[in-house]
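Spelled out from the first residue to the last, the chains are:
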Amino acid sequence: MLARKSIIPEEFGLPGLASRMPRKPVFRDRVNKARFIAKNGSCNLAHKNIREQGRFLQDVFTTLVDLKWRFTLVIFTTTFVSSWLLFAMSWWLVAFAHGDLDPKRQNGTFCVTDVKSFTSAFLFSIEVQVTIGFGGRMITEQCPDAITVLIMQNIVGLIINAVMLGCIFMKTAQSNRRAETLIFSRHAVIAVRNNNLCFMIRIGDLRKSMIIGATIRLQVVRKTITPEGEVIPIHQIDVQTESAMASNSLFLLAPLIICHVIDKNSPLYDLSAMELQCSDLEVIAILEGVVETTGITTQARTSYVSEEIQWGHRFVPIVTEEEGVYSVDYSKFGNTIKVTTPCCSARELDEKPAILIQTLQKSELSHQNSLRKRNSMRRNNSMRKCASRNNSALNSPKVQFFSPAEGGQSLNAVT
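Note that the structure is a prediction, hence the values are computed from the model and not measured.

Colleague: Give me the lowdown on empty space enclosed by the protein, citing residues and values where you can.
Modeller: One pass over the full model with this rule turns up one cavity of 30 Å³ or more. A volume near 30 Å³ is recorded for the largest cavity. What lines the largest cavity is Ile190, Ile262, Leu268, Leu271, Leu276 and Trp311. Its residues assigned to classes, the lining of the largest cavity comprises six nonpolar, no polar and no charged.

Colleague: Break down the packing of helix 4 (residues 69-98) against helix 5 (residues 118-129) for me, citing the residues and quoting the values.
Modeller: To characterise two packed helices, one gives the angle between the axes of the helices and the distance between these axes. Between helix 4 and helix 5, the shortest axis-to-axis distance is 8 Å and the interhelical angle comes to 120°. Here helix 5 runs oblique to helix 4, going by the angle between their axes. For the crossing formed where helix 4 meets helix 5, the hand is right-handed. The segment helix 4 lies against helix 5, with Phe80, Ser83, Trp84, Leu85, Phe87, Ala88, Met89, Trp91 and Trp92 engaging Phe118, Ala121, Phe122, Phe124, Ser125, Ile126 and Gln129. Grouping the amino acids of the contact of helix 4 with helix 5 by side-chain chemistry returns 13 nonpolar, three polar and no charged.

Colleague: Please provide a residue-by-residue account of the layout of surface pockets, values included.
Modeller: If you roll a probe as big as a water molecule over the atoms, it shows you where there is empty space left. The volume enclosed by the largest pocket comes to roughly 700 Å³. Contributing to the lining of the largest pocket are 21 residues, with Asn40, Gly41, Ser42, Asn176 and Arg301 lying nearest its centre. Put simply, the parts of the chain that give the lining of the largest pocket at least two residues each are helix 7 (175-178), strand 1 (182-184) and strand 8 (297-305).

Colleague: Please give an account of the nonpolar core that cites residues and values.
Modeller: By size, the foremost hydrophobic cluster in this structure holds 38 residues, and its most contacted members are Phe199, Ile201, Leu287 and Ile309. Apart from the residues within four sequence positions on either side, phenylalanine 199 is in contact with Ala188, Val189, Ile190, Leu218, Ile258, Cys259, His260, Ile262, Leu268, Val283 and Ile309. If you look at the next biggest cluster of nonpolar residues, it comprises 13 residues, including Ala95, Ala121, Phe124 and Cys143.

Colleague: So, the packing of aromatic side chains: which residues are in play, and what are the values?
Modeller: Per the counting criterion, the structure on display carries five aromatic pairs. With a centroid separation of 5.5 Å and an interplanar angle of 10°, the aromatic rings of tryptophan 92 and phenylalanine 96 are classed as stacked. Pair noted here: tryptophan 92 and phenylalanine 96 are both in helix 4, with a separation of four residues, about one helical turn. Taking the relative accessible area as the measure of exposure, tryptophan 92 reaches 27% and is therefore partly exposed. Pairing tyrosine 330 with phenylalanine 333 gives two aromatic rings, centres 6.1 Å apart and planes at 25°, and the pair type is stacked.

What counts, and where the lines are drawn
Residues numbered from 1 in each chain as written. Predicted model: local features only at pLDDT ≥ 70, side-chain atom pairs only at ≥ 80, totals over all residues. Heavy atoms only, no water. 1 Å grid on protein atoms, 1.4 Å probe; cavity = no way out; pocket = protein on both sides within 12 Å on 5 of 7 lines; lining within 4 Å. Points joined across faces, edges and corners; volume = space filled by probe spheres on them. Nonpolar A, V, L, I, M, F, W, Y, C, P; charged D, E, K, R; others polar. Axes fitted to C-alpha atoms, helices over the stretch in contact; angles between N-to-C directions. Helix = DSSP H or I, 4+ residues; strand = E, 2+ residues; numbered from the N terminus. Parallel < 35°, antiparallel > 145°, perpendicular 65-115°, else oblique. Left-handed = near helix turned anticlockwise from the far one by under 90°. Contact = heavy atoms within 4.5 Å. Core = buried A, V, L, I, M, F, W, Y, C linked by side-chain atoms within 4.5 Å. Buried < 20%, exposed > 50% of the residue type's maximum accessible area, 1.4 Å probe, protein only. Phe/Tyr/Trp six-rings, centres within 6.5 Å; stacked < 30°, edge-to-face > 60°.

Set out below in structure tokens:
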């Protein structure tokens with residue numbers, strides 16, 4: 001059967017009316033993507049399908065230093081035990097070739113005294129390489145082959161000790177250990193400073209030993225499509241900071257606020273508050289410097305995605321002066337407060353300066369109104385306290401008592 005045709009035209013039905021009604025733009029939540037730099041500074045990058053694995057063996061020392069501790073300890077133990085076993089086999093062969101292992105042999109000169117089995121040869125190999133020297137086993141001058149093996153084992157043992165101990169020292173003295181005490185604020189903020197829209201983060205050093213020649217770099221990483229249609233998945237754009245423009249290094253004595261002025265050269269120039277939340281960008285902060293105590297260059301990294309950038313916030317002050325000493329309260333290191341900030345982009349502020357003036361005037365009026373409210377509340381509270389005191393004085397009961405006097409008694413009343 002054919003469907004019954006409605007009397008009301010389709011353009012005046014609910015679907016037709018809904019299609020013609022103006023719709024507000026809907027901003028969907030951005031799909032969570034992998035960040036390029038994690039909050040702890042580690043690079044979130046996986047290397048796959050590397051065909052030339054032999055390149056890592058060409059730089060064995062760096063490969064050993066980059067390994068995890070459990071793998072380093074396994075390689076350390078395996079190398080020493082293997083060298084002991086290898087030279088134990090050499091000492092056993094020398095003793096076997098000289099006839100020292102013959103149980104019927106009673107007299108004669110031995111190459112190595114008291115080496116009568118592979119176990120004793122293994123113990124002698126350990127004594128030679130680690131220079132223990134218990135005194136029960138020793139080399140005689142009657143066997144040149146034994147002297148040659150002794151020289152070779154000493155040289156190989158020194159090389160193994162130098163490489164392994166150097167790897168362990170470098171792993172314990174790596175620069176990223178010092179970077180654990182260089183901290184960044186959990187969130188970045190965007191607010192007005194000196195009549196300019198600024199992107200700000202806070203950095204600090206928990207140790208008393210300073211970082212010499214500290215420098216800070218900011219980079220914006222995002223997906224970019226060139227006019228020719230080329231897709232750059234990780235496009236790194238350098239961001240200029242006020243500290244970099246003023247000097248080449250930072251004096252990181254106390255926590256500092258790193259400020260980036262969002263101007264025409266900034267990649268954040270066209271982003272408003274709403275567009276920032278929907279954008280797919282990541283701001284990377286890199287702090288570099290030389291450790292004062294060791295002289296080793298260290299680097300600390302972190303990143304901020306759009307969800308971690310707070311628009312219209314400012315960091316609270318954490319440095320105070322107490323009894324002639326400056327004190328830093330690290331419990332408020334990442335705390336922020338809301339401030340009046342235009343929600344438009346920096347480009348719109350440059351094109352329409354009146355927006356910033358009106359915003360500042362509104363904030364000043366709201367600040368004055370809040371001060372007036374506080375003053376009026378204080379006056380009302382003070383008047384209420386005075387009124388309550390007066391009422392208590394008027395309503396207090398009178399106490400009468402008699403006091404003896406000469407020639408009679410007088411009545412006194414005390415309130």
